[in-house]
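# Working through the structure, step by step
Single-letter residue listing:
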Amino acid sequence: MNYTPQYIKTFEEGRLDEKIHKAFENLKKCTICPRLCRVDRTSGKKGICNTAVKVGIADFFPHFGEERVLVGRGGSGTIFISCCNLLCIYCQNASTSHLCEGQLYSPSAFASMMIKLQNAGCHNINIVTPTHIVPQLLLALKIAVKKGLNIPLVYNTSGYELPKTLKLLDGVVDIYLADFKYSNPLYAELYSSAKDYPTITKKALKIMYKQVGNLTVQNGIATKGLMIRHLVLPNNIAGTKEVVYFIARELSPFVYVNIMSQYLPLGEAYRFEELARPITEEEYLQALIYAKEAGLKNLDPYCVEFLKRRGITI
C-alpha cells in the first residue's frame, strides 16, 4: 500500500503534542463528547461514559467481519474500547458498552496492541467506540508512531461527536467509520437518551467529510475517507429516507454508505414492542430503494448485491 497515514505528518510537525495537551485539558472538566458531563476525569471521577483516565479495552484482534474494504486479506486491526457515551438500549455489544467489560490499560500497553495488530498483517487500526477516550487515544498513538506504526487509523464512532473534539482528530484520523442511527430526535431520546443526536451527528458528519472526503481505495483496501453506517430498525424507527437524502444532498452522492440489515432485539429492546423483532426483508429492501432514489452512488457491495437479486441496479 502506497499511503502514508495523516498522523505521521502531524507527529513529525509536532502538532500531535499540541492536540494531546488540549485533549487532556478537556478531561479536567469533561467536555469530550456532547454529554458535557463536566466531571474531572483526571481525578478519577466518571460521567455517563463510566471512564476516568485509564482506558478500558475489552479485546483486540484482526477482525474479518467489517466492510470488505477494511478487511482485505489481513483483517481490520480492531480494538474494542470498554464503555460508551451513547448507550443505545438495543446495543449488540452491551456487555462492552453498558457493562464496561474489559481491563484497564496504560497508554503504552494500548500502543503495543496497535503494533501487534500491524505486525499481524492488519490493513488498519480500527478503534471501536473511541469518543470518550480521545485524549488517551492520541497519547497512545504518539507512542505507537515512535514504535513504527504506519497503517491507516479508523475511528469507528456512533456519530455522536463534538466539533471541538473532531478538530483534535483533524490530521490524525484517516478513515471515519461513523454511524447515522436516527433522523428523528424523539426516537433518539427514547432509545439512546440523546434527543440532540440527529442535529449533533449531521454537524459531525459534515466536519468528518470536510476533513477526509470521499473514500479512497488502493488495491481493494480503504486508505482515507468517510464511511457511513446506517442500521435499519423495525417500523422505520431509524428514519432511513431522511438519513440517505441528507447524505446525498448535504455531503455527497459518492460517500461510502453501508445500509445494514442485521438488527436484532438485543439488550433491553424487548421492553419496546416496536423494537422487539428483527427487520423484515421488505423493510430492508425499502431502505435500499430510498438510497437509490436519493442518488447514492457508493453503497456497500452487500447492498448492491441485495438489490441486484431483486432485479434493481444502482
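The numbering scheme is per chain: residues are counted from 1 as the chain's sequence reads. In keeping with the model being predicted, local features are shown solely for residues with a pLDDT of at least 70 and side-chain atom pairs are shown and tallied solely at 80 or more, while totals for entire chains, interfaces and linings include all residues. Water and hydrogen atoms were dropped before computing side-chain values, which therefore reflect all heavy atoms in the structure.

### Some points on the packing of aromatic side chains
- Think of it this way: a Phe, Tyr or Trp ring, Trp meaning its six-membered ring, pairs with another when their centres are within 6.5 Å, and the plane angle makes it stacked under 30 degrees, edge-to-face over 60, tilted otherwise. Per the stated rule, a full pass over the model turns up 10 aromatic pairs.
- Arranged with centres 5.8 Å apart and planes meeting at 80°, the rings of tyrosine 155 and tyrosine 176 form a pair that is edge-to-face. A residue pair is termed long-range when its members are at least 10 positions apart, and tyrosine 155 in strand 5 (residues 153-157) and tyrosine 176 in strand 6 (residues 175-179) qualify at 21 residues. Considered together, tyrosine 155 and tyrosine 176 belong to a single accessibility category, that of buried residues.
- Taken together through their ring pairs, the aromatic side chains of Tyr160, Tyr182 and Tyr197 make up a single cluster. The secondary structure listing takes helices from DSSP runs of H or I that are at least 4 residues long and strands from runs of E that are at least 2 residues long, numbered from the N terminus. Relative accessibility thresholds used throughout: buried, under 20% of the residue-type maximum; exposed, over 50%; partly exposed, between the two (1.4 Å probe, protein chains only).

### Here we look at the environment of proline 5
- Relative to the assigned elements, proline 5 resides in the segment before helix 1 (6-12).
- Expressed as a C-alpha distance, the spacing of proline 5 and lysine 224, which sit 219 residues apart in the sequence, is 8.3 Å.
- Here, two residues are considered to be in contact whenever any of their heavy atoms come within 4.5 Å of each other. Residues in contact with proline 5, not counting those within four places in the same chain, are Asn150, Ile151, Pro152 and Asp174.

### Digging into the layout of surface pockets
- Only protein atoms enter the calculation, which uses a 1 Å grid: trapped sets of points that fit a 1.4 Å probe without letting it out are cavities, open sets showing protein on both sides within 12 Å along at least five of seven lines are pockets, and any residue with an atom within 4 Å of a point is a lining residue. Grid points are joined across faces, edges and corners, and a volume is the space filled by probe spheres set on the points. Of the volumes computed, that of the largest pocket is approximately 1000 Å³.
- Forming the boundary of the largest pocket are 41 residues, of which Gln92, Asn93, Asp179, Arg229 and Met260 lie nearest the centre.
- In this classification, Asp, Glu, Lys and Arg are treated as charged, Ala, Val, Leu, Ile, Met, Phe, Trp, Tyr, Cys and Pro as nonpolar, and every other residue, Gly included, as polar. Here the residues of the lining of the largest pocket are counted per class, giving 18 nonpolar, 16 polar and 7 charged.
- Considering only enclosed or pocket space, the second largest pocket measures out at about 250 Å³ in volume.
- Lining the second largest pocket we find Arg15, Glu18, Lys19, Lys22, Asn26, Lys164, Lys167, Leu168, Asp170 and Gln211.

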